[in-house]
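Topology and contacts: notes
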Amino acid sequence: MKAGLLLGAGLFLAGAVFAPRQAQAAGIPLVYNTGQEAFETGPLPAPFDKDKELDGFQAGYMCDIKGVLWSYYSVTNCKPVAFKGDTYSDEPELVTAITAKYKEADMHRGLWGQFGWMGLAGLATIGAALWVKEKVTGK
């Protein structure tokens, strides 16, 4: 039990130290993510999959995100793109081909990226309830 708590605290501390964006809430570091993120949907549709300029690119959607600890509670304004790392292309013909093959629902957001914030909110609620119980009952 003690090792699990130490591991959890260590992971949280590492996340707080290496976070790309950070906010302060009552002196407690909180990793808050905002900006744009590309979510893969699959390989580029034909004939773009053979285009040498797009070698290594994936089809996906570029979205505005808001989240905590890399779990996004808001994913909005998604547009189809071909992307590779931080580079993306949104040429009209390419966008048309990606939209014809993939829908926004096809984005691979991952289990943590899509639902992790719910677990964090649940843990915060349980922690607050235990704190209130301790203050009320003295135990």
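Figured I'd write up the structure that's included with this text. (Residues numbered from 1 in each chain as written. Predicted model: local features only at pLDDT ≥ 70, side-chain atom pairs only at ≥ 80, totals over all residues. Heavy atoms only, no water.)

1. Section: the environment of Glu-93
What counts is decided by this rule: Put simply, DSSP H or I for four residues or longer makes a helix, DSSP E for two residues or longer makes a strand, and each gets a number counted from the N terminus.
One can find Glu-93 in helix α2 (residues 92-101). Taking the C-alpha atoms as reference points, Glu-93 and Phe-48, separated by 45 residues in sequence, lie 9.5 Å from one another.

2. Notes on α2
Side chains of residues three or four places apart in an α-helix project in the same direction, reflecting 3.6 residues per turn. Quick note on the threshold: Accessibility here uses a 1.4 Å probe with only protein chains present; expressed as a share of the type maximum, an area under 20% marks a residue as buried, one over 50% as exposed, and anything in between as partly exposed. Directions from the helix axis toward the C-beta atoms define the arc. The contact definition used throughout considers only heavy atoms, calling two residues in contact when any of these lie within 4.5 Å.
Listed in full, the buried residues belonging to α2 are Leu-94, Val-95, Ala-97 and Ile-98. In a view along the axis of α2, the buried residues occupy a sector of 165°, so they form one face of it. α2 presents Pro-92, Glu-93, Thr-96 and Ala-100 as exposed residues on the side facing more than 90 degrees away from its buried surface. In this structure, the buried side of α2 is in contact with β3 (58-68), β4 (71-84) and β5 (87-89).

3. Re the pattern of salt bridges
Here is the rule: Within this document, salt bridges are pairs made up of a side-chain nitrogen of Lys or Arg and a carboxyl oxygen of Asp or Glu, the two lying within 4 Å of each other.
Within this structure, the stated rule accounts for two salt bridges. Two residues, Asp-49 and Lys-50, come together in a salt bridge whose shortest N-O distance is 3.7 Å. For Asp-49, a relative accessible area of 40% corresponds to the partly exposed category. The exposure class assigned to Lys-50 is exposed, which follows from its relative accessible area of 66%. Across the pair Lys-79 and Asp-90 runs a salt bridge whose closest N-O atoms are separated by 3.5 Å. Here Lys-79, found in strand β4, pairs with Asp-90, found in the loop between β5 and α2; they are 11 residues apart in sequence, far enough to count as distant. When its relative accessible area of 37% is taken as the criterion, Asp-90 is described as partly exposed.

4. What about unusual backbone geometry?
Note that the residue after Ala-46, namely Pro-47, is joined by a cis bond; omega there is 0°. Within the secondary structure, Pro-47 sits in the loop between β2 (28-42) and β3. Notably, Asn-77 is not glycine yet its phi reads approximately 50°, a positive angle. Among the secondary structure elements, Asn-77 is positioned in strand β4. Residue classification places Asn-77 among the exposed residues on the basis of a relative accessible area of 60%.

5. A few points about the state of the cysteines
Applied cut-off: Defined by distance alone, a disulfide is two cysteine sulfur atoms within 2.5 Å.
Going through the model one piece at a time under the given rule, you end up with one disulfide. With its sulfur 2.1 Å from that of its partner, Cys-63 forms a disulfide with Cys-78. Between Cys-63 and Cys-78, the S-S dihedral sits near 115°, and the bridge is therefore right-handed. Here Cys-78 lies in strand β4 and Cys-63 lies in strand β3, a separation of 15 residues in the sequence. Accessibility classification places Cys-63 together with Cys-78 in one group, the buried group.

6. Observations concerning the pairing of β4
Looking along a regular strand, one sees the side chains alternate between the two faces of the sheet. Going by this rule: Only when DSSP finds a minimum of two bridges between them are two strands counted as paired.
With 10 bridges connecting them, β3 and β4 associate as antiparallel partners. By the bridge assignment for β4, Gln-58 is matched with Phe-83. Linking two consecutive strands that pair antiparallel, namely β3 and β4, is a turn of two residues; a positive phi of about 50° is found at Leu-69 within it. In this antiparallel pair of consecutive strands, β4 and β5, the connection spans two residues, and Gly-85 shows a positive phi of 65°.

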